[in-house]
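Commentary on secondary and tertiary structure
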Amino acid sequence: MIQKTRNNRISYLKSAGLSEDGIQRILKLKPSLYTIIRMKSSLNYLLERDFNNPLKLIEKFPSIFGYSFDNIDSKLKYFNRVFNIYTISFTPQELLENKPTLIGTKLEKIQLLTRVLCEVCNSLPKTLNKREYNLFLFKLEDVLIAFIRYYEDNKERDFWEYLKKVKNEKIPKTDAQKQIKKELPYIFNYEKNLYIGARMEK
């Protein structure tokens, strides 16, 4: 019975258009697979939200089946608001398709890293190069420590040099947090012990 259910789910993925490699990635993540109802709902949701290539997105980031639609909607809504402010030349859907791990990133971290990117580039770039995309994938503590040093040195060097150096230092998280609390208290929530992004305003 279990094997029959699994085979039916694999058959659904094939009929939906996923490649063999994509199906294998999903099986590696969750051998029993998600229910057909869940997978079909996720695919329909991505189509309704105007993602250019939902199948490719699923193959790159099969964990998307496990995320709530509200979670993804919150990311789309936030990036749509930011992109409208800065007249970005691509869509939130394109951003998430290019960097799907952002779907699993806390919104507070994304908000804060967006502000750092705006500060470093003077505004949010209308097109993001690979380096700027990857900022969202760095450890938040590394980015903030690099940000502190960047300003302490009066922006004398490229921000990305600071970030590379901080990453290589492998600063313990607790040590990094102590410095961040001291230097950037306005972005640290002492009660919840987590970073919070200030409201993005035009």
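I will try to describe carefully the structure that is included in this document. Note that the structure is predicted; figures quoted are calculated from it, not measured.

Looking only at helices and strands, the protein has 11 helices and two strands in total. Ordered by position from the N terminus, the helices and strands of the protein form the series α-α-α-α-α-α-α-α-α-α-α-β-β. For the protein, the proportion of its 202 residues judged to be buried stands at 43%. Sequence separation of 24 or more characterises 67% of the internal contacts of the protein that already satisfy a separation of 6 or more.

A cluster of basic residues, Lys106, Lys139, Lys167, Lys170 and Lys173, forms a positive patch at the surface. Turning to its location among the elements, Lys106 is positioned in the loop between helix 6 (92–98) and helix 7 (107–121). On the basis of relative accessibility, which here comes to 61%, the residue Lys106 falls in the exposed class.

Another point: the packing of aromatic side chains. Overall, the coordinates contain 10 aromatic pairs when judged by the stated rule. Seen in terms of ring centroids, Phe147 and Tyr151 are 5.0 Å apart; in terms of plane orientation they differ by 65 degrees. Their pairing is edge-to-face. With Phe147 and Tyr151 both in helix 9 (residues 140–152), this residue pair falls four residues apart, about one helical turn. In this structure Phe147 comes out as buried when scored by relative accessible area, which is 9%. Among the aromatic residues, those joined into a ring-pair cluster are Phe147, Tyr150, Tyr151, Phe159, Trp160 and Tyr162. Taking NZ or CZ as reference, Lys30 lies 5.3 Å from the ring centre of Tyr34, over its face.

What follows is about the packing of helix 1 (residues 2–16) against helix 2 (residues 20–29). At a minimum axis distance of 10 Å, the contact between helix 1 and helix 2 shows a crossing angle of 140 degrees. Of the possible angle classes, the one that applies to helix 1 and helix 2 is oblique. In this structure, helix 1 crosses over helix 2, and the sense of that crossing is right-handed. Listed contacts from helix 2 to Arg6, Ile10, Leu13 and Lys14 of helix 1 are Glu20, Ile23, Ile26 and Leu27.

Looking now at the nonpolar core. Counting 57 residues, the largest nonpolar core has Leu13, Ile58, Ile64, Phe79 and Phe159 as its most contacted members. Looking at this core element by element, the count peaks at eight residues for helix 9. In contact with Leu13, other than residues within four places in its own chain, are Leu18, Ile23, Ile26, Leu33, Met39 and Phe65.

Bringing helix 1 into the picture now. Between its terminal C-alpha atoms helix 1 stretches 21 Å, which fits the 21 Å expected from 15 residues at 1.5 Å a residue. The inward-facing, buried residues of helix 1 contact helix 2 and helix 3 (36–48). After helix 1 finishes, the residue Gly17 shows a positive phi value of roughly 110 degrees.

What follows deals with unusual backbone geometry. Positive phi outside glycine occurs at Asp50, with the angle close to 65 degrees. With respect to the helices and strands, the residue Asp50 is situated in the loop between helix 3 and helix 4 (54–60). Residue class for Asp50 comes out exposed when judged on its relative accessible area of 56%.

Moving on: the environment of Met39. In this fold, Met39 is placed in helix 3. Linking Met39 and Ile64, residues 25 residues apart in sequence, is a C-alpha distance of 9.6 Å. Met39 has contacts with Arg9, Tyr12, Leu13, Tyr34 and Phe65, leaving out every residue within four places of it along the chain.

Attention shifts here to the pattern of salt bridges. One pass over the structure, following the stated rule, counts four salt bridges. One salt bridge connects Arg149 with Glu169, and the closest N-O pair in it is separated by 2.8 Å. Of this pair, Arg149 sits in helix 9 while Glu169 sits in helix 10 (residues 159–169), and the two are 20 residues apart along the sequence. Judged by its relative accessible area of 21%, Arg149 is partly exposed. Of the charged contacts, one joins Glu169 and Lys165 as a salt bridge, the two residues approaching to 2.8 Å between their closest N and O atoms. Of the two residues, Glu169 and Lys165 both sit in helix 10, four residues apart, roughly one turn of that helix. On the basis of relative accessible area, Glu169 is assigned to the partly exposed category, the value being 33%.

Each value, and the rule that gives it
- Residues numbered from 1 in each chain as written.
- Predicted model: local features only at pLDDT ≥ 70, side-chain atom pairs only at ≥ 80, totals over all residues.
- Heavy atoms only, no water.
- Helix = DSSP H or I, 4+ residues; strand = E, 2+ residues; numbered from the N terminus.
- Buried < 20%, exposed > 50% of the residue type's maximum accessible area, 1.4 Å probe, protein only.
- Contact = heavy atoms within 4.5 Å.
- Patch = residues over 30% accessible without salt bridge, like charges linked within 9 Å, V, L, I, M, F, W, Y side chains within 5 Å.
- Areas by Shrake-Rupley, 256 points an atom, 1.4 Å probe, with all protein chains shown as cover.
- Salt bridge = Lys/Arg side-chain N within 4 Å of Asp/Glu carboxyl O.
- Lys, Arg positive; Asp, Glu negative; His and termini not counted.
- Charge placed at Lys NZ, Arg CZ, Asp CG, Glu CD.
- Phe/Tyr/Trp six-rings, centres within 6.5 Å; stacked < 30°, edge-to-face > 60°.
- Lys NZ or Arg CZ within 6 Å of the ring centre and 35° of its normal.
- Axes fitted to C-alpha atoms, helices over the stretch in contact; angles between N-to-C directions.
- Parallel < 35°, antiparallel > 145°, perpendicular 65-115°, else oblique.
- Left-handed = near helix turned anticlockwise from the far one by under 90°.
- Core = buried A, V, L, I, M, F, W, Y, C linked by side-chain atoms within 4.5 Å.
- Expected span 1.5 Å × (residues − 1).

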